[in-house]
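Residue-level structural notes
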Amino acid sequence: MNPHQPLETIRKIETLLGISLQAVPTDLKRPLRAVAVTKKDTPKYLLDPKGEKLIGLNLADLGLTDTQWKEVLPLLVPDDLQALSLCDNQITEFRAEWGFQNLEWLNLYDNPLSFPPEEIVAGGHKAILNYLKELGKGDVVVYEAKLLILGEAGAGKTTLARKLKDTDAPMPEVEETTTGIEVNRWLTQQPGKPDFTAHLWDFGGQVIYHSTHQFFLSKRSLYVLVLDGRLEEDPHYWLKVQDLLGEESPVIILLNKKGEARESLAFHELQGLYPNLVKPHEVFSLKDEPDALDSFRQKVLGQIRDLPHIRKNEKVPRIWAEVRTRLETIAQTKDYIPLEQYREICEEVGLKEPERQDFLSDFLHSLGVILHFSKEPGLKKMVILQPTWATNAVYKILDHTREPEQMPGHLTQADLNRIWSDPRYRDATDELVTLMEKFELCYPLPGKRGEYIFPQLLSQDKPAYSWSKADQLQYHYVYGFMPKGIVTRLIVRLQRYIQHQDTVWRRGAVFAYVGAEAEVIEDYQERRIEIKTTGTNRKDFLSIITHEINGINSAFDFDERTKVSELIPCNCSGCNAEENPYFFTKEVLQNAKAKGVETLQCQKSFGNIPIGGLFENVFPPGPMRDRPDESKKEKTWHQTYIEVHGNIGNLNLDQRSLSSYVPPMQRLVEAQWEAQLITKDDYDELMDILEDIKETEKPNDRQKKRWKRWLGKAADAGRKFVGKRIEKGADTAVGEGVKEWVEGGGLDSMMNLLG
């Protein structure tokens, strides 16, 4: 190859985009990573050691459009490129016929991508590369979509699901009601259009199910909200749930007339709040108006065919479609298969490498076609072909009739065996328990083998207990819309800090930690979670709790209408003496601090309160080396975890504060990799993020969002690390456990891992 050709390519790219590309030295320890790491306003390139090939290109944060990328693409030599970063641009479709066969690094974060599918992009650069390579071997269009039917019990959801498939289907019996979720396939045919399949998800409307429905609502789907025409039902609950989890998916409202029914709905007002509503809303009787029903069916079909992935004839690798077809055939007679059988099916169609098989199972899992928790020890050897088999097993627990002598929310293995006595479930009880732990629906009772606590089934009444208000620290979360089940999931996450099971109830719990206690109570009517901590380590404990709540909140797509506000108490002398102090909104404090404002006024004492002191009052200080009185002390793993992981959700995310966390975070990530709690891909990605943080002087909002997402992932792995590596006593006030852990070499092992 002409040695001047790569430099000629660089000049053409510079001219085309009006930029100057910076060369990355080839003698660095990891030059490919260096070219892939994003630094604002510094596009760069990397040549091979001989200077004959362009092997790395970083065009991040240039506002690149699809048109510009398509102009750059022909200038590149397909077989040469090994690293490519296009993050923080305006690319909507990332396509290349040659499939990027030799790429090792690919960064597409923070682009408004519609292709590859977001389920692929979420898997990281290796998942994207694998997808593109599989497409290059053959593709096929799969015409299918998900139709989710929501509404209260008795509204007519099951009737609609049946009559969409067959307008002559009989009405359900009066006593019939959907338990959990029912899923059916609706095969549709229209002249001049390809056949396609709609998967009808009929969700039970009973309140007990609401907190678990969130696991199965999805994007890129069509929703129908059925309202009972006899009742003055408030549609906002379901519309907000859909808005949080289904994002911009279209929603059709059906007002099902029953007898003397209302015929109006404040639809224009609703559409102003929920722009994804399909107008107009429909009002007719599912029972008595067949012509209106037929018209409604056509409307539903039209909306399904207009979903972006259907309209654009989105393709999937042909070999993936073949595996999926075989799995669907088996699913007609089996609810689940062992992982070995799944691998055999893949091998039969030519998908031989385990890594390629795993990418496919992850993709099908993200779509909700199967359930396969490939990284969960108790579940990875089971491929669930019928997701409703798993969900309805969960609902059997929620629906079960409690024995008179049975404590609420307390189930033994014998109870579970009785509830799951159906032949479909009785041979998989261990896996089902693990699944419910994965969904954060239960936790094992410490010291009681085969006994479990299900927080959602506990009493709603707050138990009697003593609580010291001396020096208590408060912190509140207030929700514009509060999804159900946040505190019950939090209880499962913080189970290791529960010292007395009789201080746990459906709406709250008391937790214990080394030198601290915490009371967490949910007020669903006020859409509020109140946290109180006491003790010498109350700030550290508050950081652990807020990190877990932030992790739960991150699963929801909160917007300005539904957003979560975090409230920090005033620390003036007057408020310190009150049980109900004035609270500042954390977002307001951060914005004021960013604009150089040093104080804000307390609305009770009307004194001017230093902003820095408000943060210091509730959050622990930064890294240990910033504390003069402790700078020479040896740092334990647990201290490092508190300082770094516990504070991630509370950082202002400015570069100066974050960069000081990079060295200990790097050690933490190394330790997690050594403990096999994160994958090699995640390890590489996290290390790149940390380098990115070090190099970036003025991060933009998209970079901050990406950093927070990945640092949160590291924190979650760190939480599991603590759970695995530290005796329970080291995380509670049980001093004997701490002693056992240290004397048993646990502390030395942690220090060795941290270097």
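Relevant structure appears above.
Summary of the structure given here. Source: prediction; values computed, not measured.

**Considerations on the overall build of the protein**
Counting its regular elements, the protein contains 29 helices and 27 strands. For the protein, buried positions account for 54% of its 755 residues. A fraction of 64% describes how many contacts in the protein between residues 6 or more apart in sequence connect residues 24 or more apart. For the protein, the accessible area works out to roughly 34200 Å², and carbon and sulfur atoms hold 47% of it.

**Concerning the sheet that holds strand S1 (residues 22-23)**
If you trace the five strands from one edge of the open sheet to the other, you get S1-S2-S3-S4-S5, paired in mixed fashion. Two strands in the sheet have a free side with no partner beyond their single neighbour: S1 and strand S5 (105-107). Direction of pairing for strand S4 (residues 83-85) relative to S5: parallel, over a ladder of three bridges. Of the residues in S5, the one forming a bridge with Leu-84 is Leu-106.

**Points about the sheet that holds strand S12 (residues 282-284)**
One open sheet holds the six strands; their spatial order is S8-S9-S7-S10-S11-S12, and the pairing between them is mixed. Across the chains shown, the open sheet's two edge strands, defined by having one partner strand only, are strand S8 (181-190) and S12. Strand-to-strand, the axes of this sheet are offset by a mean angle of 25°, without reference to chain direction. Here strand S10 (residues 222-228) runs beside strand S11 (residues 251-256); their pairing, made up of six bridges, is parallel. In the strand pairing of S11, Val-224 is matched with Ile-252.

**Considering the pattern of salt bridges**
Here the structure, examined in full by the defined rule, presents 25 salt bridges. Note that Glu-8 and Lys-12 form a salt bridge whose closest N and O atoms lie 3.6 Å from each other. Taken together, the positions of Glu-8 and Lys-12, both in helix H1 (residues 5-17) and four residues apart, correspond to about one turn of that helix. In this structure, a network of salt bridges that share partners links the residues Glu-440, Arg-489, Arg-493 and Glu-548.

**Here we look at unusual backbone geometry**
A cis amide bond links Phe-115 with the next residue in sequence, Pro-116, at an omega value of 0°. Structurally, Pro-116 can be placed in the loop between S5 and helix H4 (118-121). For the peptide bond that leads from Lys-279 to Pro-280, omega is -10°, which places it in the cis range. Mapped onto the elements, Pro-280 comes out in the loop between helix H9 (267-273) and S12.

**Section: the nonpolar core**
One recurring pattern in soluble globular proteins is that nonpolar side chains are buried together. Counting residues in hydrophobic clusters, the biggest one holds 100 residues, and the most contacted among them are Ile-397, Trp-420, Phe-454, Phe-511, Ile-529, Ile-531 and Phe-541. With seven residues, the top contributor of residues to this core is helix H15 (residues 387-399). When near neighbours in sequence (up to four residues on either side) are disregarded, Phe-511 contacts Ile-491, Leu-494, Tyr-497, Ile-498, Ala-516, Glu-517, Ala-518, Val-520 and Phe-541. The next biggest cluster of nonpolar side chains, apart from the first, holds 52 residues, and it includes Leu-17, Trp-69, Ile-120 and Val-323.

**Topic: the packing of helix H21 (residues 586-594) against helix H22 (residues 611-618)**
Running from N to C, H21 and H22 cross one another at 135°; their axes reach a closest spacing of 10 Å. By the angle class used here, H21 and H22 are oblique. The element H21 and its partner H22 pack so that their crossing is left-handed. Across from Lys-586, Leu-589, Gln-590, Ala-592 and Lys-593 in H21, the residues of H22 making contact are Ile-611, Leu-614 and Phe-615. Broken down by class, the residue content of the contact of H21 with H22 amounts to five nonpolar, one polar and two charged.

**Some thoughts on the side chain of Thr-9**
By secondary structure assignment, the location of Thr-9 is in helix H1. Thr-9 has contacts with Leu-54 and Leu-75, leaving out every residue within four places of it along the chain.

**A look at the packing of H15 against helix H17 (residues 429-438)**
With their axes 11 Å apart at the nearest point, H15 and H17 run at an angle of 85° to one another. By the angle between their directions, the pair H15 and H17 is classed as roughly perpendicular. Residues Trp-389, Ala-390, Ala-393, Val-394 and Ile-397 of H15 form the contact with H17, whose participating residues are Leu-432, Leu-435 and Met-436. For the contact of H15 with H17, the residue count by class is eight nonpolar, no polar and no charged.

**Section: the side chain of Asp-243**
The residue Asp-243 is located in helix H8 (residues 236-245) in this model. What makes Asp-243 buried here is its relative accessible area of 12%. In this structure, Asp-243 is in contact with Asp-557, Asp-559 and Arg-561, ignoring residues within four places of it in sequence.

**Structural notes on the packing of aromatic side chains**
Going through the model one piece at a time under the given rule, you end up with 20 aromatic pairs. A ring pair is formed by Phe-373 and Phe-439, whose centres lie 6.2 Å apart and whose planes are at 75°; its orientation type is edge-to-face. Linking Phe-373 in the loop between helix H14 (354-367) and strand S15 (382-384) with Phe-439 in the loop between H17 and strand S17 (443-444), this pair joins segments that are 66 residues apart in sequence. For Phe-373, a relative accessible area of 11% corresponds to the buried category. Chaining the aromatic ring pairs together yields one cluster made of Phe-115, Tyr-131, Trp-320 and Phe-363. Residue placement shows Lys-146 over the ring face of Trp-201; its charged tip is 4.1 Å from the ring centre.

Procedures and definitions
Residues numbered from 1 in each chain as written. Predicted model: local features only at pLDDT ≥ 70, side-chain atom pairs only at ≥ 80, totals over all residues. Heavy atoms only, no water. Helix = DSSP H or I, 4+ residues; strand = E, 2+ residues; numbered from the N terminus. Buried < 20%, exposed > 50% of the residue type's maximum accessible area, 1.4 Å probe, protein only. Contact = heavy atoms within 4.5 Å. Areas by Shrake-Rupley, 256 points an atom, 1.4 Å probe, with all protein chains shown as cover. Pairing = 2+ DSSP bridges. Axes fitted to C-alpha atoms, helices over the stretch in contact; angles between N-to-C directions. Salt bridge = Lys/Arg side-chain N within 4 Å of Asp/Glu carboxyl O. Core = buried A, V, L, I, M, F, W, Y, C linked by side-chain atoms within 4.5 Å. Parallel < 35°, antiparallel > 145°, perpendicular 65-115°, else oblique. Left-handed = near helix turned anticlockwise from the far one by under 90°. Nonpolar A, V, L, I, M, F, W, Y, C, P; charged D, E, K, R; others polar. Phe/Tyr/Trp six-rings, centres within 6.5 Å; stacked < 30°, edge-to-face > 60°. Lys NZ or Arg CZ within 6 Å of the ring centre and 35° of its normal.

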